[in-house]
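Report on the structure
The lines below spell out each chain.
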Amino acid sequence: MASPLRFRQVHLDFHTSEHIPDVGAEFDAEHFVATLRRASVDSVTLFSRCHHGWIYHDTKFPNRHPNLTRNLLAEQIRACHAADIRCPIYITVGWDEYAARTHPEWLELDETGRHCGPAPSPLQPGWRNLDFASEYIDYVIAQTEEVCDLFGDEVDGFFFDIIFQRGVHSEACLARFRKEGWDPTDATAQQRMRDLLVYECVSRIESAVRAKQSYGTVFFNGGHVGPAFRKMLAHYTHLEVESLPTGGWGYSHFPMTARYSRTLNPQFLGMTGKFSESWGHFNSYKPQAALDFECLSAVALGGRCSVGDQLPPGGRLDEMTYDLIGRTYARIAALEPWTESAVGFAEIAVVNAEQFNTSQARMDPRNVGATRMLLEGHHQFDLIDTEADYSHYRLLILPDVIELSDEQADKVDAYLVAGGCVITSGSSGRNLTHRAAEFTGESLPYSPDYLHSDWLLREDSAIVMYERGEEIRPRAGAEVLATVTEPYFNRSYARFVSHAHTPPAHRTDQPALVQRDRVITFAHPIFTTYAIHSMTHHRDLVLAAIRRLLPDPAVRSNGPRSLQILLTDLPDARRVVHLLHYVPERRGLHLDIVEDPMPVVGLNLDLAGSWSARSVPDGSPLAATLRDGRTAIEVPTFAGYQAIELSPATE
């Protein structure tokens, strides 16, 4: 039987060209396993078929790698299982160069009739996209079934990769458009077709696997976990959040996406890479502190770890890579008594703006802005969609673009009636019954304009609001917390002043921030504003609004904004505080680098509840002062990471 999902996985890429000789010739089972065990690896994803389309084991199909020297996958599986190392099997789906060459009719086409893929022309290296409406998926299923037949109960699970569609204008796709009665020239219909083809692909492949085995993990990877996953969850055993910070994802992606993933399935892996940059970089190593930070972040959010590597063509693992991984995974292994059954804690929920955005971008600015604000405010939060259960959150945030259907609005209204709190901004929440303001349907006339608040700012001061807001009117009983100050004029070619925008001219009574009971509304899209402009005053406005609604949050701290404080709960009423202080630094043109764990000195935590405290895994007790249902803890100096176990105490 397959092992359960493990904590310390390696995703071992093996995309190996037919132009490389002696593939697998250097594989040595004893060295392979010894290297993995030395690095505390307990699971490794191994390759059946790669993006080049080659198969790395004996097969009935013609695309066994032409230079493969042995039945490599079979030997790898046998060696790993003898050492109690789990090994899910990798099969590419969306990219397969062998299939692209031999079956050009299986390639995606865009609206212009051109092949889709990262490469701008056939003369550039890169993967071409396969069409899920074509007979190609029949081949993927047949090859998957062969793996099940060849390896039987040695199959621990599957990782199916590149599960997305771009071009939907092949003959096979056009036939599907006709069948569904959709217009292939309509952008909305095109996205519906992409979603349909992905869903059918996932459903068909998973059904084929389950026809062969009732156990084993199954995951389908598209490089990001977004709202489209919810309807496919029945076909996934767990989620893997691919998020290589230096590989195009950045350091804001994982803390955002993991918080959404864990609401869909608490069994999730945080997948980063050992590479200094991204996938496929040979002899490329990130700093130790970076890998520590990325893996510790995964367990601090209630997940498990997967580190990407690429096996050299000869089949011998790189020693420097496993020195790096081993040092990180030794730390993860030591924490497992406090992470094995942990689940992430959250008292604030941010509605996922991707659900209301058709751009398909994996870094929605509304989500980024909200995530950064709440991280910097040391708040405990999830990213959710409108199908989630709101009842166990104390505060719901609708950032900027959450234009609810009537049914969705009724759900939020019911949450408010039950005692919840809501913050809305921009155009969000305009049809809530219990809204704080009326929307006129017009945008504010000036942009940028300014926000004035005696409540938060110095008297007669205002801050620039870079993004255009909505015109609102306070409802009866509402309190206006801030007003709009208008500039002299909107900047244009006909009249402008200075380098950027027009200075403030006069205050108005136009509301910019309104509170009515447990609802606060910002007229401006303040989360987008923070994501784009990163002016800390915008963050501080939101954090001040949260304090009005949530004066007693789960944790308060005097720590720096760069400190991440994450809480997880254990089944026996214990709680773990994870403190992470690694600061990414832009050193070159494109990449943010983490090299040094940063010290924190004189940290005080103020936690809701009555607790005794000790640092883990070393077990050192920490002084805890209990007062009025809260616990104050002084944390000794640490660098980079510190975990604290909280156990219920009696005052």
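Now for a description of the structure that goes with this document. (Residues numbered from 1 in each chain as written. Predicted model: local features only at pLDDT ≥ 70, side-chain atom pairs only at ≥ 80, totals over all residues. Heavy atoms only, no water.)

**Remarks on the overall build of the chain**
When its secondary structure is counted, the chain shows 13 helices and 33 strands. In terms of overall dimensions, the chain is globule-like: its C-alpha atoms have a radius of gyration of 27 Å, near the 26 Å expected for 651 residues. Expressed along its principal axes, the backbone C-alpha trace of the chain runs to roughly 75 × 65 × 50 Å. The 651 residues of the chain split such that 58% are buried. For the chain, contacts bridging at least 24 residues in sequence account for 73% of all contacts bridging at least 6. When the accessible surface of the chain is summed, it comes to about 25,800 Å², and 49% of that surface belongs to carbon and sulfur atoms. Of the side-chain charges in the chain, 60 are positive and 85 negative, and the distance between the mean point of each set is 2 Å. (Helix = DSSP H or I, 4+ residues; strand = E, 2+ residues; numbered from the N terminus. Rg over C-alpha atoms; globule rule 2.2 N^0.38 Å. Buried < 20%, exposed > 50% of the residue type's maximum accessible area, 1.4 Å probe, protein only. Contact = heavy atoms within 4.5 Å. Areas by Shrake-Rupley, 256 points an atom, 1.4 Å probe, with all protein chains shown as cover. Lys, Arg positive; Asp, Glu negative; His and termini not counted. Charge placed at Lys NZ, Arg CZ, Asp CG, Glu CD.)

**As for the environment of Ala494**
Among the structural elements, Ala494 can be located in the loop between β18 (479–487) and β19 (504–516). Put simply, Ala494 and Tyr199 are 295 residues apart on the chain and 52 Å apart in space, counted from C-alpha to C-alpha.

**Description of the nonpolar core**
Counting residues in each nonpolar core, the largest one holds 149 residues, and the members touching the most others are Val93, Phe160 and Ile546. Ranked by residues supplied to this core, first place goes to helix α6 (residues 187–212) with 10 residues. Among all residues touching Val93, those that are not within four sequence positions of it are Leu130, Phe132, Tyr136, Ile137, Val140, Phe160, Asp161, Ile162, Ile163, Cys201 and Ile205. (Core = buried A, V, L, I, M, F, W, Y, C linked by side-chain atoms within 4.5 Å.)

**A look at the environment of Leu301**
Its location among the elements puts Leu301 in the loop between α8 (288–300) and β8 (304–310). For Leu301, a relative accessible area of 3% puts it in the buried group. Sequence spacing of Leu301 and Pro337 is 36 residues, and the spatial spacing of their C-alpha atoms is 15 Å. Residues within four places of Leu301 in sequence aside, it is in contact with Phe254, Pro255, Ala258, Arg259, Arg262, Phe268, Gly344, Leu566 and Thr568.

**Brief notes about the sheet that holds strand β22 (residues 564–569)**
Ordered in space as β9-β22-β23-β33-β28-β29, the six strands form an open sheet in which the pairing is antiparallel. With one partner strand each, in any of the chains shown, β9 (343–344) and β29 (621–622) form the two edges of the open sheet. Relative to strand β23 (residues 575–580), β22 runs antiparallel, the two sharing six bridges. Among the inter-strand pairings, Leu566 is bridged to a residue of β23, identified as His578. (Pairing = 2+ DSSP bridges.)

**Thoughts on the pairing of β22**
Remember that side chains alternate between the two faces of the sheet whenever the strand is regular. The element β22 is largely enclosed, with a buried count of five among its six residues. By the bridge criterion, two bridges tie β9 to β22 in an arrangement that is antiparallel. Paired with Val343 across the strands is Asp569, a residue of β22. The loop that links β22 with its antiparallel partner β23 comprises five residues; one of these, Ala573, has a positive phi angle of about 80°.

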